[in-house]
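Fold and contact review
If you want the building blocks of each chain, they are given just below.
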Amino acid sequence: MKGTVKVAYWDTEQSGRRPTMLGEFKGTPTIRLYVPKPKQGNSNRKKQVLDYQYERKAKDMKQYLDQNMPNYAEAVRGDVTSFVEKADRHGLPKVLLFTSKARTSSLVKYLTTEFRRRLLLAEIYPTSKNQDLMKEYGVSADDGNLPALFILRDDGQEPIRYDGADFTKRKLQRFLSDHALAEPVVAKKKEAPKVEEERKKKVKEEF
């Protein structure tokens, strides 16, 4: 989990006044996870606070973190059309990740959060529905060439394939940084109903 989750601690006896964000707690040690709330526009400031109430063992804590990490990967089942349309609608570079795993790894969750609104990543599992898609990109679970990562190009040229020897956090970050947008795409705010109504009325009067 190193590098994908930030860990901090607060000493209740030595650290002075408790920060507001910690909230109230009845006893120590208390373990809490702060996860960005979904659908909060262009900010991650609002957090969902989860109290950890399971075994205090490394294996159990890692599993809990894996399950609760934000995940912005798009699941693909046989066809990338809707994925491509969504990326194009927001002007985002398109990334295809063919994975050998049955579920999204913590590394992929981290990368989709790190590059959120700078690219859109689709995760393609080795299922029967995705066999034709895997064959199209020349990847197969039987040949041992998974995972495989591709950048789709808008000029109609062949996709750019990640050719690194291994899928480490640092190498994937460097590769994706070369193809991601420099700045996040800012979501457009919806006009208030009254403002929109007045705008339409004005346009109608002009014509």
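It should be emphasised that the depicted structure is a prediction, and the values quoted were computed from it without experimental measurement.

1. Examining the overall build of the protein
- Broken down by element type, the protein carries 6 helices and 7 strands.
- Along the chain direction, N to C, the helices and strands of the protein fall in the order β-β-α-β-α-β-α-β-α-β-β-α-α.
- The buried share among the 207 residues of the protein stands at 30%.
- Excluding contacts between residues fewer than 6 apart, the proportion of contacts in the protein whose partners are at least 24 apart in sequence is 60%.
- A total accessible area of about 15300 Å² is found for the protein, and carbon and sulfur atoms account for 49% of it.

2. Some points on helix α5 (residues 169-179)
- All of the buried residues along α5 are L172, Q173, F175 and L176.
- For α5, the elements touching its buried residues are β4 (94-98), α3 (106-114), β6 (148-152) and β7 (160-161).

3. Notes on the packing of aromatic side chains
- In the structure shown here, the tally under the stated rule is 8 aromatic pairs.
- Ring centres 4.9 Å apart and planes at 75° place the aromatic pair Y162 and F167 in the edge-to-face group.
- The rings of Y52, Y54 and Y64 are connected pair by pair, giving a single aromatic cluster.

4. With respect to the environment of V139
- Tracing the backbone shows V139 in the loop between α4 (131-136) and β6.
- In this structure V139 comes out as buried when scored by relative accessible area, which is 5%.
- If we skip the residues at most four places from it in the chain, V139 touches F98, M134, N145, L146, A148, F150 and R161.

5. Focus: the sheet that holds strand β5 (residues 120-124)
- Pairing within the open sheet is mixed, and its 5 strands lie in the order β3-β5-β4-β6-β7. Each edge of the open sheet carries a strand with a single partner, namely β3 (74-76) and β7.
- Each of β4, β6 and β7 touches α5; the most contacted strand, β6, lies at about 10° to it.

6. Digging into the pairing of β5
- By the criterion of burial, β5 is predominantly enclosed, with 5 of the 5 residues buried.
- Every second residue of β5 is oriented toward a common face, with L120, A122 and I124 on one face and L121 and E123 on the other, all of them buried.
- Pairing between β3 and β5: 3 bridges, direction parallel. Bridging across to β5, E74 finds its partner in A122.

7. Quick word on unusual backbone geometry
- Looking along the chain, the bond that leaves L146 and enters P147 is cis, with omega of 5°.
- For P147, the position within the fold is in the loop between α4 and β6.
- Unlike most non-glycine residues, R117 shows phi in positive territory, near 70°.
- Structurally, R117 can be placed in the loop between α3 and β5.

8. Overview of the packing of α3 against α5
- Between α3 and α5, the shortest axis-to-axis distance is 11 Å and the interhelical angle comes to 30°. Note that α3 runs across α5; the crossing there is right-handed. Only K169, L172, Q173 and L176 of α5 make contact with α3, whose side of the interface consists of L107, Y110, L111 and E114.
- The residue makeup of the contact of α3 with α5, split by class, is 5 nonpolar, 1 polar and 2 charged.

9. Structural notes on the environment of Q63
- Secondary-structure assignment places Q63 in helix α1 (residues 58-68).
- The class of Q63 is partly exposed, set by a relative accessible area of 43%.
- Taking the C-alpha atoms as reference points, Q63 and S106, 43 residues apart in sequence, are found 9.7 Å from one another.

10. Points about the pattern of salt bridges
- Tallying each qualifying case throughout the model produces 7 salt bridges.
- Between K94 and D154 there is a salt bridge, and its shortest N-O distance comes to 2.8 Å. Here the residue K94 occupies a position in strand β4, and D154 occupies one in the loop between β6 and β7, the gap between them amounting to 60 residues.
- Residue K94 is classed as buried on the basis of its relative accessible area of 4%.
- Of the residues examined, D154 reaches a relative accessible area of 68% and is grouped as exposed.
- The residue D155 makes a salt bridge to R153 at a minimum N-O spacing of 3.2 Å.
- On the basis of relative accessible area, D155 is assigned to the partly exposed category, the value being 48%.

Calculation criteria
Residues numbered from 1 in each chain as written. Predicted model: local features only at pLDDT ≥ 70, side-chain atom pairs only at ≥ 80, totals over all residues. Heavy atoms only, no water. Helix = DSSP H or I, 4+ residues; strand = E, 2+ residues; numbered from the N terminus. Buried < 20%, exposed > 50% of the residue type's maximum accessible area, 1.4 Å probe, protein only. Contact = heavy atoms within 4.5 Å. Areas by Shrake-Rupley, 256 points an atom, 1.4 Å probe, with all protein chains shown as cover. Phe/Tyr/Trp six-rings, centres within 6.5 Å; stacked < 30°, edge-to-face > 60°. Pairing = 2+ DSSP bridges. Axes fitted to C-alpha atoms, helices over the stretch in contact; angles between N-to-C directions. Left-handed = near helix turned anticlockwise from the far one by under 90°. Nonpolar A, V, L, I, M, F, W, Y, C, P; charged D, E, K, R; others polar. Salt bridge = Lys/Arg side-chain N within 4 Å of Asp/Glu carboxyl O.

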